[in-house]
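Per-entry structural report
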There are 2 protein chains.
Amino acid sequence: MTNHTKPRPDRVKARQLEQNRNLFGRLSAASLASRVQAQRMLKSAGDLSITEWRVLWDLAEAGPLTVTEMAAIQRTDHALISRAIPVMVRKGYVTTTISQADRRASLIELTDHGREVFTRTSVVMSARRAALSRTFSEEEVNTFIGLIDRFEAFVEAPLTENLKTEATP
Amino acid sequence: MTNHTKPRPDRVKARQLEQNRNLFGRLSAASLASRVQAQRMLKSAGDLSITEWRVLWDLAEAGPLTVTEMAAIQRTDHALISRAIPVMVRKGYVTTTISQADRRASLIELTDHGREVFTRTSVVMSARRAALSRTFSEEEVNTFIGLIDRFEAFVEAPLTENLKTEATP
DNA sequence: AAAAATTATGTGACTTGTCACGTAAAAGTT
DNA sequence: AACTTTTACGTGACAAGTCACATAATTTTT
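These lines cover the structure that appears in this document, whether it is placed above or below.

What counts as what
- Residues numbered from 1 in each chain as written.
- Chains lettered and ligands numbered in written order.
- Predicted model: local features only at pLDDT ≥ 70, side-chain atom pairs only at ≥ 80, totals over all residues.
- Heavy atoms only, no water.
- Salt bridge = Lys/Arg side-chain N within 4 Å of Asp/Glu carboxyl O.
- Helix = DSSP H or I, 4+ residues; strand = E, 2+ residues; numbered from the N terminus.
- Buried < 20%, exposed > 50% of the residue type's maximum accessible area, 1.4 Å probe, protein only.
- Phe/Tyr/Trp six-rings, centres within 6.5 Å; stacked < 30°, edge-to-face > 60°.
- Lys NZ or Arg CZ within 6 Å of the ring centre and 35° of its normal.

For the rest of this paragraph, the subject is the pattern of salt bridges. Evaluated as defined, the whole model comprises 20 salt bridges over all chains. Between A:R75 and A:E152 there is a salt bridge, with its nearest N and O atoms 3.4 Å apart. Of the two residues, A:R75 is situated in the loop between α4 (67–74) and α5 (78–90) and A:E152 in helix α7 (residues 138–156); the sequence distance between them amounts to 77 residues. Residue A:R75 is classed as partly exposed on the basis of its relative accessible area of 32%. Since its relative accessible area comes to 6%, A:E152 is described here as buried. The network of salt bridges with common partners includes A:R26, B:R75, B:D149 and B:E152.

In structure tokens form, the structure reads like this:
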């Protein structure tokens, strides 16, 4: 069983080189590393979770908002936001009221305290975005976004559509 | 409080358009959608988790391997793999032995049954990769990987390095 | 040779996410 | 108007991930 055509280090290295070109794995790892960066930065500015930061940011930019609206803006699931809201209400960052326009909907709004927390935290988070802007040109961002759009279209297509040419060998 | 400069739908739409160009959010959403696609495909082929599939694939391609080697190949944390191994041993997919070369290390190896499960599952997973290859040219993949490399370098840089120009207004 | 530092792996606690479901409200259809 | 379908959100269960830590083994330093 220890009798292989390549010694271990070469097999492992070869496998790694191969996986370096696996877009699925690469995107996953990059995204998770990005999450860790965000968490560290949020930690350095206070104690907000990523979801809490996103809620504050959306409300500051476009509030008041419903859970569904924020989920759409953030491209996340409403369940995550629903879970964060009571915590943020207790911390005094936001208030929630029943929307008069649609009584199923909760309307979430920044408090003065929430606005302060947003302002303080946005120092480090906008610095993050500014630093990224110095890394990629406008054109490179456009290219990147375009590629991501197409990747997303691929992974979100119905299952059979992705395999359809398998039926045509 | 309902008195705003833009009506709600316009504010929400504007906020969404803005976030469409946020690389952090876009990568996260694309990666998570990719994960859902993988999970669905694995479900359609059997009942492997993503980590289990990755372990089988690595072992089939380059096994036997240690936990750390697989974590490096997959760009994931050893903890995830450590957790999956006992489950996979119980399911009969892999065996684990203490490495003679380093008695701290566990050497993980495919069983015949594991090889079968790999083979059956790889039908749908390689179809997935083939379908993605029809979506992006070789050159586009190179561009994509290059952009991801640079993004990863950015998010993995030490915190102060990313904010350094903040001290130079 | 002994001590100190580093490394491999397993484990627990926690975060971020998905999915399924339930309830109530709204929208659509008959 | 009554019925049916869809939608908003809250909640529970679970998956994939990170981090901290512990233990044992190995490597490096003294």
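What follows deals with unusual backbone geometry. Residues and elements named next belong to chain A. The linkage connecting G63 with the following residue, P64, adopts the cis geometry, with an omega of -5°. Relative to the assigned elements, P64 resides in the loop between α3 (50–62) and β1 (65–66). Not every positive phi belongs to a glycine, and R75 is a case in point at roughly 55°.

To continue, consider the packing of aromatic side chains. The final tally for this structure, using the stated rule, is 13 aromatic pairs over all chains. Between B:F24 and B:F151 the ring centres are 5.9 Å apart and the planes differ by 50°, which places this aromatic pair in the tilted class. Here B:F24 is found in helix α2 (residues 23–45), whereas its partner B:F151 is found in helix α7 (residues 138–156), with 127 residues between them in sequence. An aromatic cluster of three or more residues is present, and its members are A:F24, A:F136, A:F144, A:F151, A:F154, B:F24, B:F136, B:F144, B:F151 and B:F154. The ring of B:F24 carries A:R128 above its face, with NZ or CZ at 3.5 Å from the centroid. The aromatic ring of A:W57 is capped on one face by B:R15, whose charged end is 4.3 Å from the ring centroid.

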